[in-house]
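So you can see what is in the structure, the chains are spelled out below.
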Amino acid sequence: MSVTRAPAALPPLEARARTVGGSPVREILAVTARPEVINFAGGLPAPELFDREGIAAAFRAVLEESPERALQYSTTEGEPALRSAVAARVTAQGLPTDPDDLLVTTGSQQALSLLASALTDPGDTVLVESPCYLAALQVFGLAGARILPVPCDADGVDPAALEELIRAERPKLLYLVPTFQNPTGRTMPAVRRAALATTAARHGLWIVEDDPYGELRYDGDRVPWIASFPGAADRTVLLGSFSKVMAPGLRLGWLRAPGTLRRACAVAKQAADLHTPTLNQLAAARYLDVLDRHVATVRAVYGARRDAMLAGLADALPAGSTWNRPEGGMFLWARLPEPYDTTALLRRVVEYDVAYVPGEPFYAARPDRTTLRLCFVTQTPEEIGEGLRRLAAGLST
């Protein structure tokens, strides 16, 4: 008589995969997917502004002129045409760059993952802003890094606090979004960027400078990249993205890094996806010829939407609330008075068909539960006004 045995249990998931949670922003978007919801939670570019005809024309031209190349495997480092075009663009913006300084990535989010693989071992210390871009916390958490926040003010990382943490914790790297930061929208001034470059040179620290929003400036003057300041050239990684200025569906980004680190990231990318899609790269390279005209259109529309949100906040938020006026980007950061808890309030606010992102998940350590992030680029000024009226009703009940 045969005996049927129960199958043996499978090995458990790796510990980091069990403990690092999913994106709360993605979860909020899933809950608020109803068309009647005015959603200030996402970081989504306005779809009606996508240059559908221009991008389609770029794809058609590539497929007509070089289909064998466009549909074939490519090099891990990226298509030469795209790397040359990006290098010229970065150089024109004040940072001399050669095509060989660049690695094309499948979105700048992949660039973060490659850097985590190349720079961090489990247990290594990574410093981040407070609050910080949420997906960066996920990436470094999955890499097993020990993530510590650096105290920040309205201008970003506090240089004195950074010095103290470096001496005490001996971190591997500092991750920053210094221009129109996600989630706060703040921009680090040039004087502070120079101070961080000096600190990194003195202590032997990598700086990862993420710049997905830099071309979305509505006011003020452009601030140079940290990589351009003395002392930073051999220890700064600059990340860029086409998601916010071309189309996120193309999944195209790039990193600019010193040779040894760039080559390590290329090896990590070979293990991840071999290369970023050739067709998308070649189409983007062609579209870069007209990108500035498209970005000018986007800036004008987004600037008006930012102003519409700023105009309505005083009536939408409780008395005693504070908020910033970002010079660009996609986000505005607000702080409600005590004892408001924006995480606890969200479920009630969504009943009024409007949504935001609570500030809590953006903190690597103790969160400020009175904070929230609002995205102002996805809706029209009229929709923003209505959304703020709903927000006021939800917060006041």
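Structure first, text after, so check above.
These remarks concern the structure in this document. (Residues numbered from 1 in each chain as written. Predicted model: local features only at pLDDT ≥ 70, side-chain atom pairs only at ≥ 80, totals over all residues. Heavy atoms only, no water.)

## Observations concerning the overall build of the chain
Part 1 of the argument: If you tally the helices and strands in the chain, you get 14 helices and 15 strands.
Part 2 of the argument: Its C-alpha atoms give the chain a radius of gyration of 22 Å, near enough to 21 Å, the size a compact globule of 397 residues would have.
Part 3 of the argument: Considered along the principal axes of its C-alpha atoms, the chain spans approximately 70 × 65 × 60 Å.
Part 4 of the argument: Counting all 397 residues of the chain, 52% fall into the buried class.
Part 5 of the argument: Pairs at least 24 apart in sequence give 74% of the contacts found in the chain among residues at least 6 apart.
Part 6 of the argument: For the chain, the exposed surface amounts to about 17,500 Å²; the carbon and sulfur share of it is 55%. (Helix = DSSP H or I, 4+ residues; strand = E, 2+ residues; numbered from the N terminus. Rg over C-alpha atoms; globule rule 2.2 N^0.38 Å. Buried < 20%, exposed > 50% of the residue type's maximum accessible area, 1.4 Å probe, protein only. Contact = heavy atoms within 4.5 Å. Areas by Shrake-Rupley, 256 points an atom, 1.4 Å probe, with all protein chains shown as cover.)

## Some words on the sheet that holds strand S10 (residues 253-256)
Part 1 of the argument: The strand order S2-S10-S9-S8-S7-S3-S4 describes an open sheet built from seven strands, whose pairing is mixed. The open sheet has two free edges, formed respectively by strand S2 (102-105) and strand S4 (146-150), since each of these has just one partner strand. Pairs of neighbouring strands in the sheet enclose a mean axial angle of 20 degrees, with direction left out of account.
Part 2 of the argument: Here S2 runs beside S10; their pairing, made up of four bridges, is antiparallel. Residue Thr105 lies in a different strand from S10, and its bridge partner there is Gly253. (Pairing = 2+ DSSP bridges. Axes fitted to C-alpha atoms, helices over the stretch in contact; angles between N-to-C directions.)

## Some thoughts on the pairing of strand S7 (residues 173-176)
Where a strand is regular, its side chains alternate between the two sheet faces.
Part 1 of the argument: Side chains of S7 alternate between two faces, with Leu173 and Tyr175 and Leu174 and Leu176 buried alike.
Part 2 of the argument: With three bridges connecting them, strand S3 (residues 125-129) and S7 associate as parallel partners. Counterpart to Leu127 in the pairing with S7 is Leu174.
Part 3 of the argument: Here S7 pairs with strand S8 (residues 206-210) via four bridges, running parallel. Bridge pairing in S8 places Leu174 opposite Ile207.
Part 4 of the argument: Handedness of the crossover joining S7 and S8 through helix H9 (residues 190-203): right-handed. (Right-handed = clockwise from strand over helix to strand, strands pointing away.)

## Observations concerning unusual backbone geometry
Part 1 of the argument: Here the amide bond leading from Asn182 into Pro183 is cis, since omega sits at 20 degrees, within 30 degrees of zero.
Part 2 of the argument: A cis geometry characterises the amide bond from Glu338 onward to Pro339, with omega recorded as 10 degrees.
Part 3 of the argument: Looking at where Pro339 falls in the secondary structure, it is placed in the loop between strand S12 (331-335) and helix H13 (342-350).
Part 4 of the argument: Its identity is not glycine, yet Phe180 carries a phi of approximately 55 degrees, on the positive side.
Part 5 of the argument: Note on placement: Phe180 falls in the loop between S7 and H9.
Part 6 of the argument: The buried category is assigned to Phe180, whose relative accessible area is 1%.
Part 7 of the argument: Backbone geometry at Leu274 places phi at a positive 65 degrees, although glycine is not the residue there.
Part 8 of the argument: Tracing the backbone through its elements, the reader meets Leu274 in the loop between helix H10 (259-272) and helix H11 (278-287).

## Concerning the sheet that holds S12
Part 1 of the argument: The strand order across the open sheet built from four strands is S11-S12-S15-S14, with neighbouring strands paired in antiparallel fashion. Since the sheet does not close on itself, it has two edges, and those belong to strand S11 (322-323) and strand S14 (357-358), each with one partner.
Part 2 of the argument: Looking at chain direction, S14 and strand S15 (residues 371-375) are connected through two bridges and run antiparallel. The residue bridging Val357 from the neighbouring strand is Arg373, located in S15.

## Brief notes about the packing of helix H6 (residues 107-119) against H10
Part 1 of the argument: Between H6 and H10, the shortest axis-to-axis distance is 9 Å and the interhelical angle comes to 110 degrees. Comparing their axes, H10 and H6 come out roughly perpendicular. As for the relative orientation of H6 and H10, their crossing is right-handed in sense. Seen from H6, the contacting residues are Gln110, Leu114, Leu115, Ser117, Ala118 and Leu119; seen from H10, they are Leu261, Ala264, Cys265, Ala268, Lys269 and Ala272.
Part 2 of the argument: Split into classes, the residues belonging to the contact of H6 with H10 amount to nine nonpolar, two polar and one charged. (Parallel < 35°, antiparallel > 145°, perpendicular 65-115°, else oblique. Left-handed = near helix turned anticlockwise from the far one by under 90°. Nonpolar A, V, L, I, M, F, W, Y, C, P; charged D, E, K, R; others polar.)

## Considerations on the pattern of salt bridges
Part 1 of the argument: On inspection of all chains with the given rule, the structure shows 25 salt bridges.
Part 2 of the argument: When the shortest N-O distance is used, the salt bridge between Glu36 and Arg34 registers 2.8 Å.
Part 3 of the argument: A relative accessible area of 37% places Glu36 in the partly exposed class.
Part 4 of the argument: Classification of Arg34 by relative accessible area gives partly exposed; the value is 34%.
Part 5 of the argument: Measuring nitrogen to oxygen at the nearest pair gives 4.0 Å for the salt bridge that ties Arg325 to Asp307. Of this pair, Arg325 sits in the loop between S11 and S12 while Asp307 sits in helix H12 (residues 291-316); the two residues are 18 residues apart in sequence, bridging distant segments of the chain.
Part 6 of the argument: What you see here is one network of salt bridges that share partners, running through Asp219, Arg306, Asp307 and Arg325. (Salt bridge = Lys/Arg side-chain N within 4 Å of Asp/Glu carboxyl O.)

## Some thoughts on the packing of aromatic side chains
Part 1 of the argument: A complete count under the given rule lists five aromatic pairs for this structure.
Part 2 of the argument: An angle of 85 degrees between the planes, with centres 5.8 Å apart, marks the rings of Tyr213 and Phe331 as edge-to-face. Of this pair, Tyr213 sits in the loop between S8 and strand S9 (236-241) while Phe331 sits in strand S12, placing them 118 residues apart in sequence. Here the two residues Tyr213 and Phe331 agree in accessibility, since each one is buried.
Part 3 of the argument: Arranged with centres 6.1 Å apart and planes meeting at 85 degrees, the rings of Trp333 and Phe362 form a pair that is edge-to-face. Separated by 29 residues along the polypeptide, Trp333 in strand S12 and Phe362 in the loop between S14 and S15 bring together distant segments of the chain. (Phe/Tyr/Trp six-rings, centres within 6.5 Å; stacked < 30°, edge-to-face > 60°.)

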